[in-house]
Amino acid sequence: AIAPWRKAADRLQRQWTRSGDRITHLLKDPGLNARYYGKCVPDPERPPHTYRQLRLLQFSAYLDQWNGKYPLEEKRIKYLGASLLKKYTKKGHTTPEHPFFEACDNVLDAQSLMERQMEQYLRYLKIRLLEQGRAALDRKKQRSNILFFDDLLLHVHSALRGPQGAALVRAVRHQYQAALVDEFQDTDPVQYEIFQRLFGRPPMMLFMIGDPKQAIYSFRGADLFSYLNAADTA
């Protein structure tokens, strides 16, 4: 959406450069709502200017200094768009018309679309960064022959999901008929899935002992919702 925004911004800037005085004159129409465009009466603090004239000077100053590049400040431009001009025209009055007003709506729509796409793209880049960082860390630990406590869990979890998962389940069940897990309120989804795959079905027995009021290890990855899910499905 970057190219359409640039095209819309260039059109807006050319319209303003070519017709700024005409546009300003149209916006002096007393049929426009004074709340959004300023009253057409003198401002006692800045005579002889009216409130409307002062508001229009702000619009003009911003558009004169805008270089046509991102960002275009929506709060300064949206009331110049054709849609809001029509909305805030008093009954019995005719809404001012000019290609510039349509251009304001177009560039703001294009900017909104572009910003949404950029947010999605940034999220995509963050996910890629995390994935590549995790893979690089795994390779580095493997080269150094290092395992952390989380790695022990993740390797078991991965093995249970892999092609030899069924064989691993049979081997563990051959050695143990039951599992008793204390402090279960401090479990997480990975641990819960391991327990369920190994001992969660008859004839195996899985005992889960825990008190959700004693859950204090969220900073280490404990997930109370895993406990609540286990309690609901036990």
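Before reading further, recall that the structure is shown in the block above.
The present account deals with the structure reproduced in this document. (Residues numbered from 1 in each chain as written. Predicted model: local features only at pLDDT ≥ 70, side-chain atom pairs only at ≥ 80, totals over all residues. Heavy atoms only, no water.)

**Some remarks on the overall build of the chain**
Part 1: When you go through the chain residue by residue, the secondary structure sums to 10 helices and two strands.
Part 2: Along the chain, helices (α) and strands (β) appear in the sequence α-α-α-α-α-α-α-α-β-α-β-α when read from the amino end.
Part 3: Its C-alpha atoms give the chain a radius of gyration of 32 Å, more than 25% over the compact-globule value 17 Å for 234 residues.
Part 4: Along the first, second and third principal axes, the C-alpha set of the chain runs to 90 × 40 × 30 Å.
Part 5: Each of the 234 residues in the chain was classed as buried or not, and the buried ones make up 32%. (Helix = DSSP H or I, 4+ residues; strand = E, 2+ residues; numbered from the N terminus. Rg over C-alpha atoms; globule rule 2.2 N^0.38 Å. Buried < 20%, exposed > 50% of the residue type's maximum accessible area, 1.4 Å probe, protein only.)

**Quick word on the pattern of salt bridges**
Part 1: One pass over the full model with this rule turns up six salt bridges.
Part 2: Linking R14 and D10 is a salt bridge whose minimum nitrogen-to-oxygen distance equals 2.9 Å. Taken as a pair, R14 and D10 lie in helix α1 (residues 2-26) at a separation of four residues, close to a single helical turn.
Part 3: With a closest N to O distance of 4.0 Å, D138 and K141 form a salt bridge. Of the two residues, D138 and K141 both sit in helix α6 (residues 99-143), three residues apart, roughly one turn of that helix.
Part 4: Accessibility expressed as a relative area gives 40% for D138, which makes it partly exposed.
Part 5: Each member of the salt-bridge network shares a partner with another, and the members are D138, K141 and D151. (Salt bridge = Lys/Arg side-chain N within 4 Å of Asp/Glu carboxyl O.)

**Section: the packing of helix α7 (residues 149-161) against helix α8 (residues 165-175)**
Relative placement of two packed helices is described by the angle separating their axes and the distance separating the axes.
Part 1: In contact at an axis separation of 6 Å, α7 and α8 are set at 115° when each is read in the N-to-C sense. Comparing their axes, α8 and α7 come out roughly perpendicular. Contact residues: V156, A159 and L160 in α7; G165, L168 and V169 in α8. (Axes fitted to C-alpha atoms, helices over the stretch in contact; angles between N-to-C directions. Parallel < 35°, antiparallel > 145°, perpendicular 65-115°, else oblique. Contact = heavy atoms within 4.5 Å.)

**Considerations on helix α3 (residues 51-65)**
Part 1: With 15 residues, α3 should reach 21 Å at 1.5 Å per residue; the first-to-last C-alpha distance of 22 Å fits that figure.
Part 2: If you check which residues of α3 are buried, you get R52, L54, L56, F59, S60, Y62 and L63.
Part 3: In this fold, the buried residues of α3 make contact with α1, α2 (34-37), α4 (74-77) and α6. (Expected span 1.5 Å × (residues − 1).)

**A few points about the nonpolar core**
Where a protein is soluble and globular, its nonpolar side chains tend to be buried together.
Part 1: In terms of nonpolar packing, the biggest core is built from 32 residues, with L72 and F100 touching the most fellow members.
Part 2: Sorting the residues of this core by element identifies α1, α2, α3, α5 (82-87) and α6 as the ones contributing at least two each.
Part 3: Here the element with the most residues in this core is α6; it accounts for eight residues.
Part 4: V181, F184, Y192 and A230 belong to the second-largest nonpolar core, a separate cluster that totals 15 residues. (Core = buried A, V, L, I, M, F, W, Y, C linked by side-chain atoms within 4.5 Å.)

**Notes on the state of the cysteines**
Part 1: Applying the stated criterion across every chain yields a total of zero disulfides.
Part 2: C104 provides the cysteine sulfur closest to C40, a residue in no disulfide bond, and the two sulfurs are 19 Å apart.
Part 3: Residue class for C40 comes out partly exposed when judged on its relative accessible area of 39%.
Part 4: The exposure class assigned to C104 is buried, which follows from its relative accessible area of 0%. (Disulfide = S-S within 2.5 Å.)

**So, the packing of aromatic side chains**
Part 1: Taken as a whole, this structure holds 11 aromatic pairs when the rule is applied.
Part 2: Geometrically, the ring pair formed by Y36 and Y88 is stacked, given 3.9 Å between the ring centres and 25° between the ring planes. Of this pair, Y36 sits in helix α2 while Y88 sits in the loop between α5 and α6, placing them 52 residues apart in sequence. Like Y36, the residue Y88 is buried in the burial classification. (Phe/Tyr/Trp six-rings, centres within 6.5 Å; stacked < 30°, edge-to-face > 60°.)

Read these as geometric descriptors, not functional statements.
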